[in-house]
Amino acid sequence: MSILVTGGAGYIGSHCVAALLEQGFDVAVVDNLSTGHRGALKGGRLYVGDVGDKAFLKQVMAQEQVEAVIHFAAFSLVGESMTLPEKYFRNNVTAGLSLIEAMTEAKIPYLVFSSTAATYGEPEYVPIDEEHPQCPTNPYGESKRMVERMLSWADRAHGLKWVALRYFNVAGARADGSIGEDHRPESHLIPMILQAASGKRDALSLFGTDYPTSDGTCVRDYIHVEDLIDAHVLALDYLRQGNPSSAFNLGNGQGFSNREIIEAARRVTGAPIPVREEERRPGDPAVLVASSRKAKEILGWKPNYTDVGDIIASAWRWHTNCPDGYAE
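In what follows, the accompanying structure is described. All of these numbers come straight from a predicted model, not from anything done at the bench. All chains use their own residue numbering, which begins from 1 and follows the written sequence. Per-residue local features are limited, in this predicted model, to residues with pLDDT of at least 70; the limit for side-chain atom pairs, both in listing and counting, is 80 or more; totals at the level of whole chains, interfaces and linings are taken over all residues. With hydrogens and water set aside, each side-chain value is computed from the structure's full complement of heavy atoms.

## A word on the packing of aromatic side chains
Now for step 1: Between the rings of Phe, Tyr and Trp (Trp by its six-membered ring), a pair exists once the centres lie within 6.5 Å; its type follows the angle of the planes, with under 30 degrees stacked, over 60 edge-to-face, and the other angles tilted. Scanning the entire structure with this criterion turns up three aromatic pairs.
Now for step 2: Taking the centre distance of 5.8 Å and the plane angle of 85 degrees together, the rings of Tyr-238 and Phe-248 count as edge-to-face. With Tyr-238 in helix H7 (residues 225-240) and Phe-248 in strand E10 (residues 246-250), this pair connects stretches of sequence that are 10 residues apart.
Now for step 3: Using a relative accessible area of 0% as the deciding quantity, one classes Phe-248 as buried.
Now for step 4: Here the guanidinium or amino end of Lys-87 rests over the ring plane of Phe-75, the centre of that ring lying 4.6 Å away.
Now for step 5: Whether a charge lies above a ring is judged from NZ of Lys or CZ of Arg, which has to be within 6 Å of the ring centre and within 35 degrees of the ring normal. Arg-156 extends its terminal NZ or CZ atom over the ring of Trp-153, reaching a point 4.4 Å from the ring centre. Strands here are runs of E lasting at least two residues and helices are runs of H or I lasting at least four, both read from the DSSP assignment and numbered beginning at the N terminus. Only protein chains enter the accessibility calculation, which uses a 1.4 Å probe. A residue is then buried if its area is under 20% of the maximum for its type, exposed if over 50%, and partly exposed in between.

Next up, the structure:
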């Protein structure tokens, strides 16, 4: 089966490409390399171009005889989306529409969509299940919600079957240390903590210490990237079996505060990890914890990494083995 992975040279996408290849799929990758890295790809055929270019997409789809798409290509920085919302709507929503149009015109029936817990906004209850109202508090979450709505209408109009996987916080690295997280500049908590541990960052900025949580810092649900990718493959199987379009949360179902993550990283690395307390960032909810019951019951998904220390340790191996990331 030929799978097109958009954003396949990025952090999550590259892990997906590696897993698909290991399972015998034929893989093509579309990435404009604005944030991805050639060095993250362990195989597949890379086409450098933009998901917003429908003619380019249709050419790739025809040449590769694509049978399904896994869509990761998007901007994903909450803080940036608050100051540059138009960038997020143009890239995530407009390019998402180009992909949907290209798929329906090429009669490609299945799409697995990388969505986010940010579509829920400030939670009314935790753990958050898929029936929770979607009221995003930032343009990033709003852009993903808009693509989910477009997919619903594309299913009604054209029969495009889709699964939206709403991620909570993704972290960690491939077990063999060959693929990891290399954003430039880095904006995700765990890799920033590890940069502080390795001396590449003077201190970690801790945004917000007055949230209504046990220690005043944000609480998040962390899922290992390889567990996340397992769910994508299961979602693809779910669609191929003729099941209806649906959305699934992906998380561990337990929350850790930012201070708890820092302490866990200190234990893993043995480094002091200096912290500089800052004001809250706009758009950050206090608590995001998933209910992944639906994914477990319907997809048969089960996370293997349930200890946050193990997740951090896998990321630390990557940062230790590749201190300069993908040195391209």
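## Comments concerning the packing of helix H6 (residues 189-198) against helix H10 (residues 308-321)
Now for step 1: Interaxial angles span 0 to 180 degrees and are taken between N-to-C directions of axes, which are lines fitted to C-alpha atoms, for helices over the stretch in contact. With their axes 10 Å apart at the nearest point, H6 and H10 run at an angle of 55 degrees to one another. Between H6 and H10, the crossing angle belongs to the class labelled oblique. Of the two elements, H6 crosses H10, and the hand of that crossing is right-handed. Between H6 and H10, the residues in contact are Ile-190, Pro-191, Leu-194, Ala-197 and Ser-198 and Ile-312, Ala-315, Trp-316 and His-319, respectively. Comment on the angle field: the value is read as roughly parallel under 35 degrees, roughly antiparallel over 145, roughly perpendicular from 65 to 115, and oblique elsewhere. Crossing handedness is defined as follows: a turn of the near helix away from the far one that is anticlockwise and smaller than a right angle gives a left-handed crossing, while the clockwise case is right-handed. The contact criterion used throughout is that any non-hydrogen atoms of two residues lie within 4.5 Å.

## Points about helix H2 (residues 54-64)
Now for step 1: Along H2, the residues classified as buried are Phe-56, Leu-57, Val-60, Met-61 and Glu-64. The buried residues of H2 occupy an angular sector of 135 degrees when projected down its axis, which confines them to one face. H2 presents Ala-55, Gln-59, Ala-62 and Gln-63 as exposed residues on the side facing more than 90 degrees away from its buried surface.
Now for step 2: Buried residues along H2 sit against strand E1 (2-6), strand E2 (26-31), strand E3 (45-48), strand E4 (68-71) and helix H4 (85-106). An arc is given here, and it is the one of the directions from the helix axis to the C-beta atoms.

## A few points about the pattern of salt bridges
Now for step 1: Salt bridge criterion: a side-chain nitrogen from Lys or Arg within 4 Å of a carboxyl oxygen from Asp or Glu. Considering all chains together, one arrives at 19 salt bridges under this definition.
Now for step 2: Ionic pairing is found between Lys-58 and Glu-105, a salt bridge with its closest N-O pair at 2.7 Å. Of the two residues, Lys-58 is situated in helix H2 and Glu-105 in helix H4; the sequence distance between them amounts to 47 residues.
Now for step 3: Looking at Glu-105, the relative accessible area reads 40%, which means it is partly exposed.
Now for step 4: A single network of salt bridges, built from pairs that share partners, joins Glu-22, Arg-174, Asp-176 and Glu-226.

## Looking at the sheet that holds E3
Now for step 1: Spatial ordering of the open sheet is given by E3-E2-E1-E4-E5-E6-E10, a layout of seven strands whose pairing is parallel. For this open sheet the edge positions go to E3 and E10, each flanked by a neighbour on one side alone. Strand-to-strand twist across the sheet, computed as the mean angle between neighbouring axes with direction ignored, equals 20 degrees.
Now for step 2: Should DSSP find at least two bridges between two strands, the strands are taken to pair. Sheet topology places E1 next to E4; four bridges connect them, and they run parallel. In the sheet register, Thr-6 faces E4, and the bridge partner there is His-71.
Now for step 3: Packed onto the sheet, H4 meets E4 and strand E5 (110-116) and runs at close to 175 degrees relative to E4.

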